[in-house]
Amino acid sequence: MESVLEAFRVQQDPQARPEHIRDANLWLERFQSTTEAWTVADGLLSLPAEQVGNGSAHVFAAQTLRAKIQYDWAELPPQSHAALRDSLLAHAVRYSAGPQVVLTQLCLAVATLALHMEAWGQAVPELIGRFTSPPAEALANPPFGSLPLLVPEPLSEPPSV
């Protein structure tokens, strides 16, 4: 994980030479195709924003997981599928308040996972139930434990015409 964060530091360093930035970009692209990318991307999404700089590492991690599920599903052992699902759902709750690009990639990853994961036979009803419950109830159910969920204020009624 430290190598990925170092590549992002190089990209964000205003003193970095263009060839170093290019090398960091190429390294990150190659890294995404490795089997190690599964666990590193998941770990990056667990880090607080202060540890990953401007948030580009979170975007990278979410995009990496989405792409890995979409294109490299066969790499992941079946006994890891449920843990990946639980982790993605926990990340989706964590990023529910943003950044939007991370949440979008996580939602796409969950949708792709639901298509690939045969053992998750009731994915749609489970997701509907999990994400439409009152927040306190949804968070009490595994895998969320005690993660906080930001609840938006109710919309006011539209003016009558």
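Procedures and definitions
- Residues numbered from 1 in each chain as written.
- Predicted model: local features only at pLDDT ≥ 70, side-chain atom pairs only at ≥ 80, totals over all residues.
- Heavy atoms only, no water.
- Axes fitted to C-alpha atoms, helices over the stretch in contact; angles between N-to-C directions.
- Helix = DSSP H or I, 4+ residues; strand = E, 2+ residues; numbered from the N terminus.
- Parallel < 35°, antiparallel > 145°, perpendicular 65-115°, else oblique.
- Left-handed = near helix turned anticlockwise from the far one by under 90°.
- Contact = heavy atoms within 4.5 Å.
- Buried < 20%, exposed > 50% of the residue type's maximum accessible area, 1.4 Å probe, protein only.
- Lys, Arg positive; Asp, Glu negative; His and termini not counted.
- Salt bridge = Lys/Arg side-chain N within 4 Å of Asp/Glu carboxyl O.
- Expected span 1.5 Å × (residues − 1).
- Arc of directions from axis to C-beta.

Student: Break down the packing of helix H1 (residues 2-12) against helix H4 (residues 56-71) for me, with residues and values.
Tutor: Between H1 and H4, the shortest axis-to-axis distance is 10 Å and the interhelical angle comes to 130 degrees. By the angle class used here, H1 and H4 are oblique. Between H1 and H4 the crossing geometry is right-handed. Across the interface between the two elements, Val-4, Leu-5, Phe-8 and Gln-12 of H1 pack against Ser-56, Ala-57 and Phe-60 of H4.

Student: Outline the side chain of Arg-66, listing residues and values.
Tutor: Note that Arg-66 resides in helix H4. Lacking a salt bridge, the buried Arg-66 has Asp-72 as its closest oppositely charged neighbour, with an N-O distance of 10.0 Å. Arg-66 has contacts with Tyr-71, Gln-105, Leu-108 and Ala-109, leaving out every residue within four places of it along the chain.

Student: How would you explain H4 if you had to name every residue and give the values?
Tutor: Here H4 is 16 residues long and its end C-alpha atoms lie 22 Å apart, about the 22 Å a rise of 1.5 Å per residue gives. For H4, the full list of buried residues reads Ala-57, His-58, Val-59, Phe-60, Ala-61, Ala-62, Thr-64, Leu-65, Arg-66, Lys-68 and Ile-69. Against the buried residues of H4 lie H1, helix H2 (18-31), helix H3 (36-46), helix H5 (81-94) and helix H6 (100-116).

Student: Help me get a handle on helix H7 (residues 123-132), residues and values and all.
Tutor: Along H7, the positions that sit buried rather than exposed are Ala-123, Leu-127 and Arg-130. In an axial view of H7, the angular spread of the buried residues amounts to 70 degrees, which keeps them on one side of the axis. Residues of H7 that are exposed and point more than 90 degrees away from the buried face comprise Val-124, Ile-128 and Thr-132.

Student: Explain the environment of Gln-32 to me, and be specific about the residues and the numbers.
Tutor: Examined against the element boundaries, Gln-32 turns out to sit in the loop between H2 and H3. Spatially, the C-alpha atoms of Gln-32 and Phe-60 are 9.1 Å apart, while their sequence positions differ by 28 residues. With residues up to four places along the chain from it excluded, the contact list for Gln-32 reads Ala-37, Phe-60, Thr-64 and Lys-68.

Student: Describe the pattern of salt bridges, naming the residues involved and giving the relevant values.
Tutor: Scanning the entire structure with this criterion turns up 7 salt bridges. Residues Arg-9 and Glu-2 are paired through a salt bridge, measuring 2.6 Å at the closest nitrogen-oxygen approach. One continuous salt-bridge network, built from bridges that share partners, spans Glu-2, Glu-6 and Arg-9.

Student: Give a detailed account of the packing of H4 against H6, specifying residues and quantitative values.
Tutor: With their axes 8 Å apart at the nearest point, H4 and H6 run at an angle of 15 degrees to one another. Relative to H6, the element H4 is oriented roughly parallel. Of the two possible hands of crossing, H4 and H6 adopt the one that is left-handed. Note on element contacts: H6 touches H4 through Val-101, Val-102, Gln-105, Leu-106, Leu-108, Ala-109, Thr-112, Leu-113 and His-116, opposite His-58, Val-59, Ala-62, Gln-63, Arg-66, Ile-69 and Gln-70.

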